Amino acid sequence: MTTIDADDVAVPWHARTADEALAEIGGSGHGLGVEEAALRLDRYGANRLTPPKRRGPLLRFVLQFHNLLIYVLLAAGAITAALRHWVDAAVIFGVVLVNGVIGFIQEGKAEQALEAIRGLLSATATVLRDGHRKVLSAADLVPGDIVLLQSGDKVPADLRLLAARGLRIQESMLTGESLPVDKASGALPEETPLTDRTAMAFSSTLVTHGQGTGVVIATGDRTEIGRISTMLVEVESLETPLVRQMAVFGRVLTAAIVVVAVATALFGTSVRGYAVDDMFLAAVGLAVAAIPEGLPAIMTITLAIGVQRMARRRAIIRRLPAVETLGSVSVICSDKTGTLTRNEMTVRSIATGRHLFDVGGTGYAPAGAFELDGEEVAAEHRPLLRSLIHGALLCSDAVLRESEGQWTVEGDPTEGALVATALKAGFDPVFENQCWPRIDVIPFDSEHRFMATLNHDHEGHAVIHVKGAPERLLEMCDRQSTYDGEEPLDPAYWHQRMDEIGGRGHRLLALARRDTTTDHRDLLFDDVEDGLIFVGLFGQLDPPREEAVAAVARCRRAGIRVKMITGDHARTARAVAGLLGLEHPDACLIGQEIDGLDNQALRQKTAEIDVFARTSPEHKLRLVDALQADGAVVAMTGDGVNDAPALKRAAVGVAMGLKGTEVAKESSEMVLTDDNFASIADAVEEGRTVYDNLKKALLFILPTNGGEAFTILTAIAFGRALPITAAQILWINMITAVTLALALAFEPAEPRVMRRRPRRPDEPLLSGFLVWRVLLVSAVLVLGVFGVFLWVRVGGDDLETARTAAVNTLVMFEVFYLLNVRRMEAPAYSGLANGEARATWIAVAIVVLFQIAYTYLPPFQTVFDSRPLSFEIWLLILAVPAAIFVLIELEKLLHRPVRRLLRRRLGMPQIRRRTG
């Protein structure tokens, strides 16, 4: 086969006719063969852009030290070395190195986690291979492949269009043209500019309307977008708003620490008469005690762990800031079908000429009973009911399949519900279709609003069944089926039944029939226009997911208001809202009414109403604007192309992974892999947990570092020997940062995390409570460490033994305080005895082993001047730090009542839980 090389980028494909392009690229209308496709994939490579150049391992490692906190430590280490205090300098440099290695390893793991998550979102393409329609990874496309496009798709490669039907493509990312471009398959002049090449579809542009077929003429870096941009997909930064906030905080804290350290050194030399080099070492000790050098790494690790946890709960985070934002979501606007509901239509009501039956069961599983006035009835004893169900079965194309206990439908969900009802009534669909083979059919069309089938049996009978909208079928009928045969049609009776079933929020579907002869083999519209017999009505409902009902209740308890936005009828929307347990299920605003409201009026309505029906994607955008204008933090779901503006406008756009278009996914911060509302609630819980764990890290690191720093300040202020040296402080910070503090990143959710109202997005990082906790814990640590130090000295032990006792006391203070911090409000003992505290116990065990080595092993004694301790001193070391545990638990117990009392005394308004 003679073809033009697809590497020849100069070929003006838009100037070739469709047939010429197909021939020159060596393609076929039936698609490439499997072997040929494999050869071309080997020749041209995968259809992906060359990834952006990543920072190498060496540069990533060096950048771990690009932090003001680390610069201060490095400067302190250099000056300490210049003063020939080699052990202290070695310890400082060692701590910096260990911190850098840990950050390097964890950053690599975080990037790998994000890369794996991006892999879950890889694009696919629908192609023809060997004449068969297949869905492939877009990376497997090769020049010559036939690609099928439809609304919502992302064009997977550069295509020469072979056919286009109402095809419009948004090319703004390539051409800057803001409006979608109408496409056609006709050849164009060779000089046609890129913006006007309507016969082409370019990689990474978005199909907004219609359908099309094209042949791949370029892949990967050879596409237009590949030649223009070498970095179309950027590596997502691990930096988030909170991390940036922490960076600013770190700079301010470092400046303050340096000022205090210098002032302390000056005070010691001028007032207390200490030697300059001793005071310099004391100032270094103060600086390294106060600097939270492990905090940046812990922040990043906590966020990365949160992303991985959400992925395990079927919520894929595409943009890391969404992890934080989820913790403050106050309103979730959700689609109904498939998200809040099962997207499995179920027949719930059946009306015949005399009775209204209720049908049990959920989804497509053939389990459920028929009831009449609350009493179960057998379908085989109700001939009119059986006739109605049998006719609906014959007039349906859907097929139900069971796999591992799960029933799924192939075909229309509405028809799937009818087939499931037939199974409940005892019919075997395969057997019935063999007994009554279909001879001809009039497919459903939205214009005439019905479907008709012609079936013959093997005994000389023939019947026409018509299934469709009740209003339309009533116009086509003049009689109705009853237990006594046929009688004139009673429209009033059927309208009454329609109102009764529709009042339950059920979708209505009617069935009519007409007997004919076996000579009748071609079904025409004239055969069904009139003279039909009305058989009965079906009422169908897409029932809420059981887990969605529970999730809505969880959200309401968490102070999050759930709003349902649907294109369905208001009556159906209200019925589903009632089953879901929304706060105001009976109040409903329809799209037409939204159009008649100005922005201020809409703001008022959104505060009162939770159900919005007959809406368009444009209405979604207005609803998001109205809610945000009222101060809400909005999460919005969407799956269609036109949902993109609302998804982008919302604080957290949530796209559907199964039924969502590529446009929706690209516009979102989060993608649900199961399209389930319960996964949104789970993600909100994880978002709150991540933020809680970040706050716990601050609550742990700042007070304990403060205690270390104030211990040195106190010693200098009172002219006492330092209870802890700079090297010993660095040892404490190193082992506790990589063990105790890091354990907080793995903490599960607080017991009442979904029973408190959302946090404010502008909540300050350093709250009054955090400042109070820093001062309280620091004071207790200073008293405890100094108390043990002086006790040991008074008991006759040397300075090194007293310092060893002080170091172990400080570490044990941190161990006990870690148990407090695990739970910000709940008692510390909650979760300690089960698997929830596994990371905490592992961290504590590692620290205890390190401290035993620090105290008793000769190498550590040489480096840190540590000494073995007696049993009596160990009892003191365990007893004194336990005070912090008791004190913080008492503070938790009193905190809430005291806060309420202060609010009343100061005349401040009480904070009440919002359930809506």
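Rules used in this analysis
Residues numbered from 1 in each chain as written. Predicted model: local features only at pLDDT ≥ 70, side-chain atom pairs only at ≥ 80, totals over all residues. Heavy atoms only, no water. Helix = DSSP H or I, 4+ residues; strand = E, 2+ residues; numbered from the N terminus. Buried < 20%, exposed > 50% of the residue type's maximum accessible area, 1.4 Å probe, protein only. Phe/Tyr/Trp six-rings, centres within 6.5 Å; stacked < 30°, edge-to-face > 60°. Lys NZ or Arg CZ within 6 Å of the ring centre and 35° of its normal. Core = buried A, V, L, I, M, F, W, Y, C linked by side-chain atoms within 4.5 Å. Contact = heavy atoms within 4.5 Å. Expected span 1.5 Å × (residues − 1). pLDDT = per-residue confidence, 0-100. Axes fitted to C-alpha atoms, helices over the stretch in contact; angles between N-to-C directions. Parallel < 35°, antiparallel > 145°, perpendicular 65-115°, else oblique. Left-handed = near helix turned anticlockwise from the far one by under 90°. Nonpolar A, V, L, I, M, F, W, Y, C, P; charged D, E, K, R; others polar. Pairing = 2+ DSSP bridges. Salt bridge = Lys/Arg side-chain N within 4 Å of Asp/Glu carboxyl O. Polar contact = N/O pair within 3.5 Å; in protein donor to acceptor, adjacent residues only side chain to side chain. Patch = residues over 30% accessible without salt bridge, like charges linked within 9 Å, V, L, I, M, F, W, Y side chains within 5 Å. Areas by Shrake-Rupley, 256 points an atom, 1.4 Å probe, with all protein chains shown as cover.

S.K.: Kindly report on unusual backbone geometry, identifying the contributing residues and their values.
M.R.: Residues other than glycine predominantly adopt negative phi, and peptide bonds predominantly adopt the trans conformation. At Glu404, a residue that is not glycine, the phi angle is positive and equals roughly 55°. Tracing the backbone through its elements, the reader meets Glu404 in the loop between β14 (399-403) and β15 (406-410). Overall, Glu404 belongs to the exposed group, its relative accessible area being 79%. The phi angle at Arg614 is positive, at roughly 50°, despite the residue not being glycine. Tracing the chain through its elements places Arg614 in the loop between β25 (611-613) and α21 (617-629). Among the residues examined, Arg614 registers a relative accessible area of 43% and is labelled partly exposed.

S.K.: Describe the packing of aromatic side chains, listing the residues and the values that go with them.
M.R.: This structure, assessed with the given rule, holds twelve aromatic pairs. When the ring of Trp731 is compared with that of Phe860, the centres are 5.5 Å apart and the planes differ by 70°; the resulting orientation is edge-to-face. Of this pair, Trp731 sits in helix α25 (residues 726-743) while Phe860 sits in helix α29 (residues 858-864); the two residues are 129 residues apart in sequence, bridging distant segments of the chain. Of the residues examined, Phe860 reaches a relative accessible area of 21% and is grouped as partly exposed. Exposure remark for Trp731: the relative accessible area of 4% places this residue in the buried category. Following the ring pairs from residue to residue traces out a cluster consisting of Trp731, Phe850, Tyr854, Phe860 and Phe864. Positioned above the aromatic ring of Tyr691 is the side chain of Arg759, whose terminal nitrogen or guanidinium carbon lies 3.7 Å from the ring centre.

S.K.: Which residues make up the nonpolar core, and what are the values?
M.R.: Core analysis: the biggest nonpolar cluster contains 130 residues, and Leu326, Ile332, Met564, Phe677, Phe700 and Ile884 have the highest contact counts within it. Setting aside residues no more than four positions away along its own chain, Phe700 makes contact with Leu740, Ala741, Leu744, Glu814, Tyr817, Leu818 and Val821. One finds Tyr364, Leu385, Leu388 and Ala392 within the second-largest nonpolar core, a separate group that totals 28 residues.

S.K.: So what's going on with helix α26 (residues 768-794)? Which residues, and what values?
M.R.: Quick reminder: α-helices carry 3.6 residues per turn. Residues three or four places apart thus point the same way. Given a rise of 1.5 Å per residue, 27 residues ought to cover 39 Å, and the 39 Å separating the end C-alpha atoms of α26 matches this to within 8%. Phi turns positive, to about 100°, at Gly796, one or two residues after α26.

S.K.: Lay out the confidence of the model for the chain in plain terms, naming residues and giving numbers.
M.R.: For the chain, per-residue confidence averages 85 on the pLDDT scale, and residues scoring 70 or more make up 88% of the total. For the chain, helix α6 (residues 172-175) is the element with the lowest average pLDDT, namely 63, and strand β18 (residues 462-468) is the one with the highest, namely 97. Counting interchain partners and residues more than four positions distant, the pLDDT-below-50 stretch residues 229-239 has 22 contacts. Residue range residues 906-916 is modelled with pLDDT below 50. Its contacts to residues more than four positions away, or to other chains, number 20 contacts.

S.K.: Tell me about the packing of helix α9 (residues 276-290) against helix α24 (residues 677-717), and please be specific about residues and values.
M.R.: Contact geometry for α9 and α24: axes closest at 7 Å, N-to-C directions at 160°. Relative to α24, the element α9 is oriented roughly antiparallel. Handedness of the crossing formed by α9 with α24: left-handed. In contact with Met279, Ala282, Gly285, Leu286, Ala289 and Ala290 of α9, α24 contributes Asn705, Glu708, Ala709, Ile712, Leu713 and Ile716. Each residue belonging to the contact of α9 with α24 can be placed in one class, and the counts come to nine nonpolar, two polar and one charged.

S.K.: Just give me the short version of the sheet that holds strand β27 (residues 652-656), but keep the residues and values in it.
M.R.: The mixed open sheet is built from eight strands, whose spatial order is β8-β28-β27-β26-β9-β23-β25-β24. Where the open sheet ends on each side, the last strands, each with one partner, are β8 (315-317) and β24 (588-590). In this sheet, adjacent strand axes meet at a mean angle of 20° when their direction is disregarded. Both strand β26 (residues 634-638) and β27 contribute to a ladder of four bridges, which runs parallel. Bridge pairing in β27 links Met636 to Gly653. Strand contacts of helix α18 (residues 570-580): β23 (561-565), β24 and β25, with the helix running at about 155° to β25, the strand carrying the most contacts. Sitting on the sheet, helix α20 (residues 599-608) touches β23, β24 and β25, and the angle it makes with β23 is about 110°.

S.K.: Any chance you could break down the pairing of strand β7 (residues 206-218) for me, citing the residues and the numbers?
M.R.: Note that strand β3 (residues 146-150) and β7 share five bridges and pair antiparallel. The residue bridging Ile146 from the neighbouring strand is Val215, located in β7. Looking at chain direction, strand β4 (residues 158-170) and β7 are connected through ten bridges and run antiparallel. Residue pairing in the sheet places Ala164 in a bridge with Gly212 of β7.

S.K.: Can you break down the pattern of salt bridges residue by residue, with the values?
M.R.: This model, assessed by the stated rule, comprises 39 salt bridges. With its nearest N and O atoms 3.5 Å apart, the salt bridge here joins Glu475 to Arg472. With Glu475 and Arg472 both in helix α15 (residues 470-476) and three residues apart, the pair spans about one turn of that helix. Within the structure, one salt-bridge network assembled from shared partners comprises Arg313, Arg554, Asp682, Glu685 and Glu686.

S.K.: Talk me through the side chain of His448; I want residue IDs and the actual numbers.
M.R.: When you line up the elements, His448 lands in the loop between β16 (438-445) and β17 (450-456). A distance of 3.2 Å separates a polar atom in the side chain of His448 from the backbone oxygen of Pro443. Ignoring sequence-local partners within four residues, the contact set of His448 consists of Ile442, Pro443, Arg472 and Phe525.

S.K.: So what's going on with a nonpolar patch on the surface? Which residues, and what values?
M.R.: Together, Val848, Leu849, Ile852 and Tyr856 make up a nonpolar patch on the protein surface, roughly 350 Å² of accessible area in all. The residue Tyr856 is located in helix α28 (residues 838-856) in this model.

S.K.: Help me get a handle on α24, residues and values and all.
M.R.: Under the 1.5 Å per step criterion, the end-to-end length of α24 is 60 Å for 41 residues, consistent within 8% with the ideal 60 Å. Summarising burial for α24: 36 of the 41 residues are buried, a large majority. Regarding α24, its N-cap is Asn676, as a side-chain oxygen of that residue lies 3.0 Å from the backbone nitrogen of Ala678 further along. Just downstream of α24, Gly719 is the residue with a positive phi angle, here 70°.

S.K.: Would you mind going over the environment of Val654 in detail, with residue names and values included?
M.R.: Mapped onto the elements of the fold, Val654 is located in strand β27. Separated by 337 residues in sequence, Val654 and Ile317 have C-alpha atoms that sit 9.4 Å apart.

S.K.: A description of the pairing of β18 should follow, citing residues and the corresponding values.
M.R.: With seven of seven residues buried, β18 lies mostly within the body of the structure. Of the two faces of β18, the one carrying Ala462, Ile464, Val466 and Gly468 and the one carrying Val463, His465 and Lys467 are both buried. As paired strands, β17 and β18 are joined by seven bridges and run antiparallel to one another. Bridging across to β18, Met451 finds its partner in Lys467. Counted between consecutive antiparallel strands, the loop separating β17 from β18 contains five residues, among which Gly460 sits at a positive phi close to 90°. As paired elements, β18 and strand β21 (residues 507-516) share seven bridges and run antiparallel to each other. Pairing of Ile464 across the sheet is with Arg514, part of β21.

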